[in-house]
Amino acid sequence: MTGQLDQLFVSLKQWLVSFLPQAAQPMAGILLSISAIIGAFATMFAITTIMERKILGRIQNRLGPNRVGPFGLLQPAADGIKMLTKEDIVPFAADKLVHFLAPVVLIIPVALALAMIPYGRNMTAVDLDAGILFFFAVGSATELSVFMAGWSSQNKYSLVGAMRAIAQMISYEMPLVLSTVSVLMMAGTLSLPLIVQAQSGYIYEILPRWNVFTPWGLAGFVLFMIAATAESNRAPFDLPEAESEIIAGYLTEYSGFKYALFFMAEYWGLFAVSGLAVTLFLGGWNAPFPFLQWVPSWAWFFAKLGTIIFGFIWVRGTLPRLRLDQLMNFAWKFLLPMSLINIVVTAMWHFSRVFQFVGAREMRWVLCALVLAIPYFFLGRALGEGRPAKRNYKFAE
Amino acid sequence: MDLAFIIIAVLTLASAVAAMSLRNLVHCALCMVMTFAGIALTFLQLNAEFVGLAQLLVYVGAVAILIVFAILLTRSEDAKKEVRFVSSSTVVGFGVVALVAVSLLAAIQHTQILPPQSVVAPHVSVKRIGEQLMTNYVLPLEVIGLLLTAAMIGAVVIAMREPDPADSVDVQQRNGSPLKLDPDSKKTAVVANE
Amino acid sequence: MTPLHQYLIFSTLLFSIGLAGALLRRNAILVLVGIELMLNAANINFIAFWRYSPNPEPNAGVMFVIFSIAIAAAEAAVGLALIISIYRHYRTTNVKRIDGLKG
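Chemist: For this particular structure, what's the right way to read the interface of chain C and chain B?
Modeler: Accessible area lost on assembly of the parts is the figure often given for the size of an interface. Facing the 71 residues of chain C at the interface are 81 residues of chain B. Buried surface at the junction of chain C and chain B, both sides included, amounts to about 6,700 Å², of which 75% is carbon and sulfur. Looking at the side of chain C facing chain B, the largest losses of area belong to C:F10, C:R25 and C:F67, adding up to 9% of the total buried there. At the level of secondary structure, the elements contributing two or more residues to the side of chain C that touches chain B comprise helix 1 (3–24), helix 2 (28–52) and helix 3 (60–90) of chain C.

This is the structure in C-alpha cells:
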C-alpha cells in the first residue's frame, strides 16, 4: 500500500501512456512530465504568493489579504485575472523585440532547471549524467534576461537596476557553485538522483545520513542558501528591485502579463534553487527517520521545499536591505574564502574516514568544525573592520 | 540529412551573420549569444554532453555578460554613425574571407573520410572525463589553472583605473586602499574636499 | 555526403563569418566577438572529428575542447580589459582611430 502511494504518479503516468501506440509513448511520457511539472509549480506559485503575504502580514502585525474568498485565500486568482486583463504598456523608446523577449528568455531556463530535480523515488523528469552542470548552465541565462529587460526599456532606473542585478548575480554565482562542489566531491557524481541516493540510509539505524549533518555540509548549506537568496534577488539582497531607491529596477517598464511572467519566473527560480538545496544537502526525498518511511517520498520532498520557502519569507520579513558595497564585500571577502575553505574541509573529512578507533567519528566532526569555525571568526571580524569612516555632511545636518 | 542538424545549423549561421553585421552593438551581442547557444546545441547533438553544457555555462553565462558590460562601459558616439562605404580595405577583407572559405570548402569536398570504426556513438561519462583530467591530462590542467590565474590578475591590472594623483590621496586616506570598487568612494572624496 | 562533411562545412562557414567580422568591423569589441566565433568553429571541428572518425585515443577531442574553452574564456577577459583600458585613453573603440603609438 505504502509502496503504491509512493509510486502513485509514476504508475499513473505509465497507465496513461500505455493507451498510446508504441511509437508515440516516449514523446507522450515527456509531455506528461512537463505538464505535470508546470501545473504543480504554477499551483505552488499561487499558494506561495498568498502565504508570503499572509506570513509577512503576521510578522508585521497586520492581517494581510483578507477580502477575496474565505480568509483571502482566493487572492491569487484575483491577482491573476487583474494581471491578464491589464493593459500591456510598452514604452515608446523601447526596443520592442528585446523588450518582448526578456520574460521569455527568463522563464524557459527556469522551467528547464525545474525538470532536473528528483521529486521522489523514480520521479526525475530528465536524468542527465551532468545534471548539476545543466542546472547552472541554464541558470546563467537568467542574467542575460535581466540585462535584456533593463537595457531594452531605455530607462535609467531599469538600466541601473539591471547592472546592479547582474553584478550581484555574477558575484554570488561563485559561492553558489563552489558550495555545491563539496557535495559533488563526497557523492562522486554530477547526477542529482545519485546524489540523493548517496544520502540515503541511517547512522546507528536512526540518524539520517544527510549532508547537512556534517560540518562541511552545514557550512555548505548556509553558504548555498545565502548565495541562493542573492541569486533570486530576494530580501535582504533585493537591491536590483529596491523600490524605495530605483522604483522597481529592471521591472520598471513592465506591466500586465509580461510583469506577471517575470514575477512567476522569479518564484520558479526560487523553487528550483530551493529544490536543489533540498537535493544536495537535505537528503532529497529521503525520510528523516526510518520509522517515517511509510510517508511517500514526494511528500517529504515538498515538505522540505515548503520549509525552505518559509525560511526565505521569514528572512524577508526580518532583515533590512544591504548597501551595495556591503553586498560586494560580503560576497568576495567572506563567502568566497569560506566556500574555498569548505572544500578543503571536505577533503579532510573524506581522508579521515580511514581512522577506525573508538570515538574517531566524533573526533573528526569536532576537528572539521574547528577548521571551519576559526576562519569564520577571523573573516567575520575582518569584514567589520574595513568599513569607511563616518561621512561628514557639511550642509545636510 | 538530419532535420535537427539543419535547423540548428541554419539558426546558428543566421545569428552569426546578424551578430557580425547589425549596427546596434547590444543587438550584436544578443545575436552572438544565440550563436553560442546554437554551437552548444551542436555539441549536445554530437553526444558531447559535458562539453555542450560547459560551452553554455562559459559563453552564455560569462563571456556574453562580459561583452555586454564592455559594450555598456565603452558607449562611444561614433559607434552609431559607423559609416559603411566601400573602401579598398573592405574589398580586400571580403576577398581574403572568400579565399579562405572557398579553399577550405574545396579541401573538405575533395577529402576522402574514413568510416568510423564503430557506428555507435561514443559515450563519455563525466566521471571518465574527471579521471582522465587527473591522470593523463594533469599537466595541461595545471597549465590551464596557471593561465587562468595569470589572465585574471592581468585583466584586473589592465582594467584598473590608473590612480589619478589629484583625488586618489583622499580616497586612500578614507578607505585604506586605492583599489576600492565602490562607486561611492569618489563621492566620499568629493564630500571630504568640500 | 557523410555527416562529418556536414559538420565540417558548417564550421567552415562559421569560421568565415567570424573572420569577416574580425577583418571588416571597426569596433574592437566586435573584432573580439569575431575571434571568439572562429575559436568556436575550431571546437566544432574537434568534436565532429572525435564523434565520426576512427579514434585511437577515446576522449582526446572532448579534452581538447574543454581546454580550448578555458583558453577562450581567459582570452575574452584579457581582451575586454584591454579594450576598456584603451577606451579610457582614446575615448573610442574604433580600431581605425586607435593608431597612435605614443602613449
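There is more to say, and it comes next.
Chemist: How should a nonpolar patch on the surface be read in this particular structure?
Modeler: Residues and elements named next belong to chain A. On the surface, L5, L8, F9, L12, W15, L16 and F19 cluster together into a nonpolar patch covering about 700 Å² of accessible area. The dominant element in the nonpolar patch, judged by the number of residues it contributes, is helix 2 (residues 8–17), at five residues. Along the chain, L12 falls in helix 2.

Chemist: What is the right way to read the pattern of salt bridges from this model?
Modeler: When the charged atoms of two side chains lie near each other, side chains of opposite charge can form a pair. All names here are of chain A. If you walk through the whole model with that rule in mind, you get four salt bridges over all chains. Note that D79 is salt-bridged to R53, the shortest N-O span being 3.1 Å. Of this pair, D79 sits in helix 4 (residues 75–85) while R53 sits in helix 3 (residues 25–59); the two residues are 26 residues apart in sequence, bridging distant segments of the chain. Owing to a relative accessible area of 28%, D79 belongs among the partly exposed residues under this scheme. For R53, a relative accessible area of 35% translates into the label partly exposed. A salt bridge links K258 to D88, with the shortest nitrogen-to-oxygen separation between them at 3.4 Å. One end of the pair, K258, is in helix 12 (residues 256–281); the other, D88, is in the loop between helix 4 and helix 5 (96–114), with 170 residues separating them in the sequence. One connected set of salt bridges, linked through shared partners, spans E52, R234 and R316.

Procedures and definitions
- Residues numbered from 1 in each chain as written.
- Chains lettered and ligands numbered in written order.
- Predicted model: local features only at pLDDT ≥ 70, side-chain atom pairs only at ≥ 80, totals over all residues.
- Heavy atoms only, no water.
- Contact = heavy atoms within 4.5 Å.
- Buried area = accessible area lost by both parts, 1.4 Å probe.
- Helix = DSSP H or I, 4+ residues; strand = E, 2+ residues; numbered from the N terminus.
- Patch = residues over 30% accessible without salt bridge, like charges linked within 9 Å, V, L, I, M, F, W, Y side chains within 5 Å.
- Areas by Shrake-Rupley, 256 points an atom, 1.4 Å probe, with all protein chains shown as cover.
- Salt bridge = Lys/Arg side-chain N within 4 Å of Asp/Glu carboxyl O.
- Buried < 20%, exposed > 50% of the residue type's maximum accessible area, 1.4 Å probe, protein only.

Limitation: the analysis is restricted to geometry and does not speak to function.
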